[in-house]
Amino acid sequence: MNENSHLELQQIGTTVAIKSRTVKENRGFNMADLTGKTVYVDLGSESVNTIRTDGNLIRKYLGGRGLGVKLLSELADANIDPLGPENPLIFTSGPLSGLAPMASGAVLTSKSPLTGTIFSWNMGGGFGKELKKAGIDALIINGRTQKPSYVEVGEGNVGIVPAEQLWGKNIRTCTDVLKKKDSKVSVACIGRAGEKQVLISSFVVDSIHNGRGGLGAVAGSKMLKAVVVKGEKELLPSDQERFRDLETRILKLFDASPVLSKGLANYGTSVLVKLLDYMNLIPIRNFSRRGTSFADSLSGERIKSAFELENESCPSCPLGCKKRIKETGQIVPDYDSLWAFGFNLENPDLISAFKADRVCRDYGLDPISAGSVLGACAELKPGVIKDNGLKSLLSEIGEGGKLGNGARKYLSGLGREDLSMDVKGLELGGFDPRGIRGQALAYATSSHGGDYLTAFMVGSEILGKPLCLDRLSLKGKAGILQVFENLTAMLDSFVFCPLSGFALNEELCSALLFSAAGIEISPAELLKIGERIYNLERIYNLKAGFTLKDDTLPERLFENEGENEGYGLPRQEFEAALQEYYHYRGWDEEGMPEPEKLKKLKLN
């Protein structure tokens, strides 16, 4: 079926939810049947407009990250002020949201006020499932209210609701109040940090899942406190028998993966601590050193032995990688927080790290960025954390303290930008790229900045999944990296959990899409969709002023005379790998996509 026929179907179709029928009964089951609604909410005029989602957009971008990136590129000029009313917050579900295992989340896309780049956050929880049950592919929130408000989404209804009573409240209180009205809703809200437009603030979904990139500050600039979603539609695949067979196959693959079924299912991401320590890959003291003597104190094994834990699962997730302490109900910190408030600050106190994570989760702060800026501050001013207290400093950030502007902005104001461990303004996570060199290249080329999830090379270089790579070499990594980036962009557009990459691939995704909606998109074409998304993100960032010079890493990580000798990144090898990466991408030597590449991907 060609694109024109899909457009015709989209124009005459009326169905906005997946219907229960088999492909055998009607092999003409088409993309128009898969698409739902795109909802535009203007906070300034207090208006809501709903249109049928263009099926051609879904075929070219799937949903999730891809649809969000496409809509942002059309709606917002790359040079807009991220905290201005014209910067939209775009929540998108995926074509399999609420249907497939590990596909219940949504993606939030906007221009980041922290980095100035395009930014997409793959949200956990059941927010995407509820959006899909409400028949919504994209919820676009623009403008600015005159008084605090939240957006409420229900079946057949989207409204703007006053939120003065919620303004000034942190995440737990806000979520509790909104869920008290209906416990089945999914709540994405900001805390006081977002209200005060702290640049490292984020939305938090259902008090558990917090993101990166400062998108909480975008909501704060709009006086938007929350988005509450509850859908009513029953989501059914078109070929239920075939879909359930694939679902069983996927669950078997999850079970057969030691990383998933033995590691993450039992310990969560804290399972990484002892392995990374054994390989001497945990950066400490703001990446100035590596290796620690207290890995056991913050390990997943220690946590599991010290507390009685229960799983906190996203809907339809077989893993339950989030863990909750049964006695107190507190969510156990992920590896990101254990690194940020433990190893990075040379703090062996597990309870202290727990408390720091809880402060971040309640204020709506990105723990990686918060821990990184504190690590840089501690290097600049030794004793500052001991003198003031970790919890107190984080609360100060949440209340609008200057450290909340992120490491680069804070340190550049002091003339010490060299101490900022970031890429494009986004602080690096707790994986030392000097010893995981494919990840080093991934950090440098990420559309978001220092985000390890745009291509989790740690999977292959440390865990040996989906293939085993030599972690201390950049040779051959450029070609592999761009495939991983395309695959991740595709999975994010289906809105599969990032951890699903240990079991899923483009072949399975193609089969799932066909059984769910009768839509045939080949595995190769799915990867091409991922490539299209990544190139569109690159174009947006280039228009925003980013250049070849921004595709690099902090100077501290390179091999310099007397520092990092034999361990730091060889600069010439890194720069050669970057040029090789550009070549594989079809970009010129300055990192700009060639016209032929854009034509091939059908990008203007």
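Residues numbered from 1 in each chain as written. Predicted model: local features only at pLDDT ≥ 70, side-chain atom pairs only at ≥ 80, totals over all residues. Heavy atoms only, no water.

Novice: So what exactly am I meant to see when it comes to the packing of helix α13 (residues 335–343) against helix α14 (residues 350–363) here?
Specialist: Packed helices, taken two at a time, are described by their axes: the angle between them and the distance between them. At their nearest, the axes of α13 and α14 sit 9 Å apart, and the two run at 120 degrees to each other. Every pair of crossing elements has a handedness; the one defined by α13 and α14 is right-handed. Residues S337, L338 and F341 of α13 lie in contact with α14, whose contacting residues are L350, A353, A356, D357 and C360. Class assignment of the residues belonging to the contact of α13 with α14 gives a composition of six nonpolar, one polar and one charged. (Axes fitted to C-alpha atoms, helices over the stretch in contact; angles between N-to-C directions. Helix = DSSP H or I, 4+ residues; strand = E, 2+ residues; numbered from the N terminus. Left-handed = near helix turned anticlockwise from the far one by under 90°. Contact = heavy atoms within 4.5 Å. Nonpolar A, V, L, I, M, F, W, Y, C, P; charged D, E, K, R; others polar.)

Novice: Would you explain the packing of aromatic side chains in this entry?
Specialist: Where two aromatic rings form a pair, the distance of their centres and the angle of their planes describe that pair. Considering all chains together, one arrives at 15 aromatic pairs under this definition. Relative to F354, the ring of F307 lies with its centre 5.5 Å away and its plane at 25 degrees, an arrangement referred to as stacked. Taken as a pair, F307 in the loop between α12 (300–306) and β15 (309–312) and F354 in helix α14 lie far apart in primary sequence, 47 residues in all. Since its relative accessible area comes to 22%, F307 is described here as partly exposed. Since its relative accessible area comes to 3%, F354 is described here as buried. Taken together, a centroid distance of 5.4 Å and an interplanar angle of 75 degrees make the contact between F558 and F574 edge-to-face. Of the two residues, F558 is situated in the loop between α23 (523–543) and α24 (571–585) and F574 in helix α24; the sequence distance between them amounts to 16 residues. In this structure, F558 and F574 share a single accessibility class: buried. Through successive ring pairs, a cluster of aromatic residues spans Y335, F431, Y452, F456 and F502. Seen from the ring of W167, K225 lies directly overhead, with NZ or CZ sitting 6.0 Å from the centre. Here R571 stacks its cationic end above the ring of F558, 4.3 Å away from the centre of that ring. (Phe/Tyr/Trp six-rings, centres within 6.5 Å; stacked < 30°, edge-to-face > 60°. Buried < 20%, exposed > 50% of the residue type's maximum accessible area, 1.4 Å probe, protein only. Lys NZ or Arg CZ within 6 Å of the ring centre and 35° of its normal.)

Novice: It is not clear to me how the sheet that holds strand β5 (residues 118–122) should be interpreted in this structure. Could you clarify?
Specialist: What holds strands together in a sheet is hydrogen bonding between their backbones, with the strands either parallel or antiparallel. The strand order across the open sheet built from six strands is β2-β1-β6-β3-β4-β5, with neighbouring strands paired in mixed fashion. Where the open sheet ends on each side, the last strands, each with one partner, are β2 (47–52) and β5. For this sheet, the mean angle separating the axes of adjacent strands, direction not counted, is 15 degrees. When strand β1 (residues 37–42) meets strand β6 (residues 136–142), the two strands line up parallel, connected through six bridges. (Pairing = 2+ DSSP bridges.)

Novice: Is there a simple way to explain the confidence of the model for the chain in this structure?
Specialist: Close reading of the predicted structure is inappropriate where its pLDDT is low. Across the chain, the average pLDDT comes to 92, with 94% of residues at or above 70. When the criterion is pLDDT under 50, residues 1–32 qualifies, and its contacts beyond four places in sequence or with other chains add up to 73 contacts. (pLDDT = per-residue confidence, 0-100.)

Novice: How should I be thinking about the pairing of strand β16 (residues 322–325) in this particular structure?
Specialist: Regular strands place side chains that alternate from one sheet face to the opposite one. A two-sided burial pattern is seen for β16, the buried positions comprising K322 and R324 on one face and K323 and I325 on the other. Bridging between β15 and β16 involves four bridges; their strand directions are antiparallel. Residue pairing across strands places E312 opposite K322, the latter belonging to β16.

Novice: Before we go on, may I ask you to explain the side chain of N210 in this structure?
Specialist: Summarising the element assignment, N210 is placed in strand β11 (residues 209–210). Looking at N210, its side chain comes within polar contact range of the main-chain oxygen of L365, at 3.3 Å. When neighbours within four sequence positions are excluded, N210 is seen to be in contact with W121, S202, F203, V204, R361, L365 and P367. (Polar contact = N/O pair within 3.5 Å; in protein donor to acceptor, adjacent residues only side chain to side chain.)

Novice: Is there a simple way to explain the pattern of salt bridges in this structure?
Specialist: Pairs may arise between side chains of opposite charge once their charged atoms sit close together. Following the criterion strictly, the structure yields 33 salt bridges and no others. K70 serves as the salt-bridge partner of E74, at 3.3 Å between the closest nitrogen and oxygen. Of this pair, E74 and K70 both sit in helix α4 (residues 64–75), separated by four residues, roughly a single helical turn. Residues participating in the shared-partner salt-bridge network are R65, D492 and E537. (Salt bridge = Lys/Arg side-chain N within 4 Å of Asp/Glu carboxyl O.)

Novice: Which parts of the structure should I look at to understand the pairing of strand β3 (residues 89–92)?
Specialist: Going residue by residue along β3, you find L89 and F91 tucked away on one face and I90 and T92 tucked away on the opposite face as well. Of the strand pairs in this sheet, β3 and β6 are connected by four bridges, and their pairing is antiparallel. Residue pairing across strands places T92 opposite A138, the latter belonging to β6. When β3 meets strand β4 (residues 107–111), the two strands line up antiparallel, connected through three bridges.

Novice: Honestly, the side chain of E537 in this entry has me stumped. Any pointers?
Specialist: Its place among the elements puts E537 in helix α23. Looking at E537, its side chain comes within polar contact range of the side chain of S447, at 2.9 Å.

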